[in-house]
Amino acid sequence: MAQVSPADLKSLPNLPGYTFPEYKDNYPRQNSWNLVNGVRIEQKDGVSHEKPKFVKVSKVQDVWRSGSLPDSQTRAVFKNAGADIQFQELPAWDAFDRHVLRFTGYFKESVVETNLENFRVRKVTIYYYLEDDTCQIQEPKIENSGMPQGQLIRRHRFPSVEGGYLKAEDLRVGTVLQIYGRNIYITDCDPFTREYFEQAGIPQGPTEAEETDPFQATREAMKSHASTQPRTYEKVYREVMLGGGHINADMQQFLENDKKILRFYAVMDDVTTPQFERRPFTIMFFLADDTLEISEQYPLNCGREKFPIFFRRGKLPLGPYKVQGPQAQARKKSEFVHGHDLRVNTTVQLLGNYNFFIYDADEFTRNYFRQKLGMELEPMVDVRLPERTVPRAKTPPYTGYGTWEDSMGSVTHLVPKLPKKDLVKLFQHEGKVLRFKAKFAKPKPEEADRMFVISFYLQDDTLAIHEPPQRNMGIVTGRFLEKGIHLNQVTGRFFEPNDLLPGKVVQVYNHELLILDMDEYSRKVFENPNTLLRKFDLEAVLQKLRDSMRQQYPLVRDIFRRFDGDHDGVLTVAEFQGALEKFGFQLAPEDVLKIMRHFDSRKDGQVSYNEFCDALLDPDWTTCMLQTRGPLDDTHDDAYAARASEKTAERMETNQVRKAVRDLGDVLYKKHGMIIRILKEMQHLTHEDYVSSEQMMKALEAVGHPFRLEDVQRVILYLQPDADLESVDYRKLFQDAVTSFHDVSASR
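Residues numbered from 1 in each chain as written. Predicted model: local features only at pLDDT ≥ 70, side-chain atom pairs only at ≥ 80, totals over all residues. Heavy atoms only, no water.

## Some points on the sheet that holds strand S7 (residues 134-139)
Here is step 1: Here we have six strands laid out as an open sheet, ordered S8-S7-S6-S5-S10-S9, and antiparallel in their pairing. A single partner strand is all that each edge strand has here, and the edge strands are strand S8 (150-156) and strand S9 (176-179). For this sheet the average axis-to-axis angle between neighbouring strands, irrespective of direction, equals 30 degrees.
Here is step 2: As judged from the four bridges shared by S9 and strand S10 (residues 182-189), these two strands associate in the antiparallel manner. When the bridges of S10 are listed, Val176 appears paired with Tyr185.
Here is step 3: Along the sheet face, helix H4 (residues 191-199) touches strand S5 (100-110) and S10 and points at about 115 degrees away from the line of S5. (Pairing = 2+ DSSP bridges. Helix = DSSP H or I, 4+ residues; strand = E, 2+ residues; numbered from the N terminus. Axes fitted to C-alpha atoms, helices over the stretch in contact; angles between N-to-C directions. Contact = heavy atoms within 4.5 Å.)

## Here's the deal with the side chain of Arg597
Here is step 1: Within the element layout of this structure, Arg597 appears in helix H15 (residues 589-599).
Here is step 2: The exposure class of Arg597 is buried, given its relative accessible area of 8%.
Here is step 3: Not counting the four nearest positions on each side in its chain, Arg597 is found in contact with Lys603, Asp633, Thr635, His636, Asp637 and Tyr640. (Buried < 20%, exposed > 50% of the residue type's maximum accessible area, 1.4 Å probe, protein only.)

## Details of helix H21 (residues 730-739)
Here is step 1: Turning to H21, its buried residues number three or more, namely Tyr730, Leu733, Phe734, Asp736 and Ala737. Buried residues of H21, seen end-on, are gathered within an arc of 160 degrees and therefore sit on one face of the element.
Here is step 2: Where H21 is buried, its residues touch helix H17 (638-670), helix H18 (674-685), strand S27 (690-691), helix H19 (693-702), helix H20 (709-719) and strand S28 (728-729). (Arc of directions from axis to C-beta.)

## Brief notes about the pattern of salt bridges
Here is step 1: Overall, the coordinates contain 39 salt bridges when judged by the stated rule.
Here is step 2: Note that Glu210 and Lys123 form a salt bridge whose closest N and O atoms lie 3.2 Å from each other. Here Glu210 is found in the loop between H4 and helix H5 (214-224), whereas its partner Lys123 is found in strand S6 (residues 119-129), with 87 residues between them in sequence.
Here is step 3: What makes Lys123 partly exposed here is its relative accessible area of 34%.
Here is step 4: Across the pair Lys594 and Asp591 runs a salt bridge, and its minimum N-O distance is 3.9 Å. Here the residue Lys594 and the residue Asp591 both occupy positions in helix H15, the gap between them amounting to three residues, near one helical turn.
Here is step 5: Exposure remark for Lys594: the relative accessible area of 13% places this residue in the buried category.
Here is step 6: Residues participating in the shared-partner salt-bridge network are Glu653, Arg708, Asp711 and Arg714. (Salt bridge = Lys/Arg side-chain N within 4 Å of Asp/Glu carboxyl O.)

## Quick word on the sheet that holds strand S16 (residues 354-361)
Adjacent strands of a sheet pair through backbone hydrogen bonds, lying either parallel or antiparallel.
Here is step 1: Ordered by their spatial adjacency, six strands build an open sheet running S14-S13-S12-S11-S16-S15, and the pairing between neighbours is antiparallel. Each end of this open sheet is capped by a strand with a single partner; those strands are strand S14 (309-314) and strand S15 (346-350). Here the average twist between neighbouring strands, direction ignored, is 30 degrees.
Here is step 2: Bridging between strand S11 (residues 261-270) and strand S12 (residues 277-286) involves 10 bridges; their strand directions are antiparallel. Note on S12: the bridge partner recorded for Asp269 is Arg278.
Here is step 3: Docked against the sheet, helix H8 (residues 363-373) engages S11 and S16, running at close to 115 degrees with respect to S11.

## Observations regarding the nonpolar core
Here is step 1: Among the nonpolar cores identified, the biggest contains 29 residues, and Leu545, Met549, Phe576, Ile595, Phe599 and Phe612 are the most heavily contacted of them.
Here is step 2: Contributing elements (two or more residues each) for this core: helix H12 (538-552), helix H13 (556-563), helix H14 (573-582), H15, helix H16 (609-616) and H17.
Here is step 3: The biggest single contributor to this core is H15, with five residues.
Here is step 4: Ranked by size, the runner-up nonpolar core spans 27 residues in total, among them Leu664, Leu668, Met682 and Tyr730. (Core = buried A, V, L, I, M, F, W, Y, C linked by side-chain atoms within 4.5 Å.)

## Points about the packing of H18 against H21
Here is step 1: Packing of H18 against H21 leaves a shortest axis separation of 11 Å and a crossing angle of 160 degrees. Taken together, H18 and H21 sit at an angle that is classed as roughly antiparallel. Judged by the sense of rotation from one axis to the other, the crossing of H18 with H21 is right-handed. Of H21, the residues touching H18 (which contributes Ile675, Ile678, Leu679, Met682 and Gln683) are Tyr730, Arg731, Phe734 and Val738.
Here is step 2: For the contact of H18 with H21, a count of residues per class yields seven nonpolar, one polar and one charged. (Parallel < 35°, antiparallel > 145°, perpendicular 65-115°, else oblique. Left-handed = near helix turned anticlockwise from the far one by under 90°. Nonpolar A, V, L, I, M, F, W, Y, C, P; charged D, E, K, R; others polar.)

## Structural notes on the packing of aromatic side chains
Here is step 1: Applying the stated criterion across every chain, the model contains 20 aromatic pairs.
Here is step 2: Centroid distance Phe452 to Phe480: 4.8 Å. Interplanar angle 55 degrees. Geometry classified as tilted. Taken as a pair, Phe452 in strand S18 (residues 452-457) and Phe480 in strand S20 (residues 478-484) lie far apart in primary sequence, 28 residues in all.
Here is step 3: A relative accessible area of 1% places Phe452 in the buried class. (Phe/Tyr/Trp six-rings, centres within 6.5 Å; stacked < 30°, edge-to-face > 60°.)

This is the structure in structure tokens:
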């Protein structure tokens, strides 16, 4: 069959019977998803979707974190790779996220309903969002303007006069923006916008002066207008004498004394209750309208219902409290209680038969009496009652059954609980036994030669008495007193180590024993209770430690992470001692340093992961048959102990710096609007752009996030190593803290 070319098929008419089916080798599908710089984006190009906008930005220099290990040849190659690549393409919504250009301007609106003005100037703010080329116009709200203000045009892509959409280059200072029938004259832009256009090579013009309207000029004149002659009491008197100037006296009192309150603190001895009670009150006199309010201050757990208003705000008459009808004659002003009549350290009778003792007043009240009335209030009077002693029930005597803690559980709890053991004491003094030699203090003739060995166990304060066998004694020897917590009848308390010193007499179960001597081990323990007197074979301990660690986890990585508590990649002295204690080795600090020095091949005072693997695992290949490890150096090295102590202090400081930077990052990065609040507090403290570390600490404390001064200084020196603690650029510091938020992880 002859081959038919595509050109021959195209010449045939497109009619039924003249076409042939086309067979494709593959059926590709358009890829609408892509991965750009580690960010997944959707690439849709069609009628309803535009292709994503890409911009070229500077590439961030990659950093290889070395940690405590030296750089290798591979890392040197990595650092030099890609040095010539300076730019990269990113989606606009990623590169320009939260980048907004802000312009200010105004437009004129005609006014036809009044002959006082012809037009009104309305100021607006134009926002251009670079991430999606959308715009938004808002009008700042002016108090008492009488016009609906706020969002003038919602955020969307503005159409351009020349067709298409409005671009950032179309917004220029000194030009007119035509949008939806309004002509907005652009007068200025913020510093960020000017810097953006200068970097783009199209700088903005100078700031234009804003036009004012007659209405705004009139309001400004009203603010600056002042009366030619001030209103004095003499002027009011002259006006009244001439038949005019009838002012509202109550209104004048309200305008002069609004929000001024005389506050007195008083107590009332309530004897109507079965139990005497002293109830605290606050008496408030409002100078604006000569009203009075009494509120009760409830103490904690007083048992009363919370109705704090004892007397609702109003005018309180003097003398007995009477309810008057509508036909009663109105009371005079002098028949009501006035704040000027109240004094500190006096008793006043209010509401008929309630006696209030005023013991103090606030600072405003004292200043008011001093300046307005020319008198000084007495100092505060202490009205606190002595605390009532609640008699405690007598503890029942010890029955002798079980331990003392077990018996006290039935006294302190309705449902007895298992006594808690002192695990710290049990762990520190495990295996420590003090032994003493004793005999009967008042023996019978046949018991004069009997000797006893008293064993005191420091881990749980238990006591046991054993009688060693003697030849031809005629008495059954062995256990004289079973191990347990016993009572010393001489002191009335349980046995303590100081009760068993040589020369003292103890009495247990009516048997008096005289302590004669103690062994050498007990004497050393009394000299230093925390000493470790057990001798260890450090070579055997090292081998036992290796075997125990291998059995802990199958992978060496998991073993290292198990003992690396702060996850910083190294083991310090404290972490290495914790690993030894985990497997039951209570070693002295000198012995811990000897074993740690065997693991630390670089002798820098800490054990890295590679050194841990080399000391724990056998080598993969050897140069000789049956190669053995080097012996353990049993000598003490003071220089290595000093280096280990320095590394421990350095790691502790590193953790504190990391925690301080992370805490400040949580405040600035996670809490919306917190940076604005802190900047406002900074402006209240100083008008300069530089603050000290103390001022920064005060500003953080003012917004509800107190930091220590040392932590603030750590954050400053971490983010800006060359900064002066007395002159810190706080705006730059906050930018660095937000930028490096993800560099300091909470858990590693």
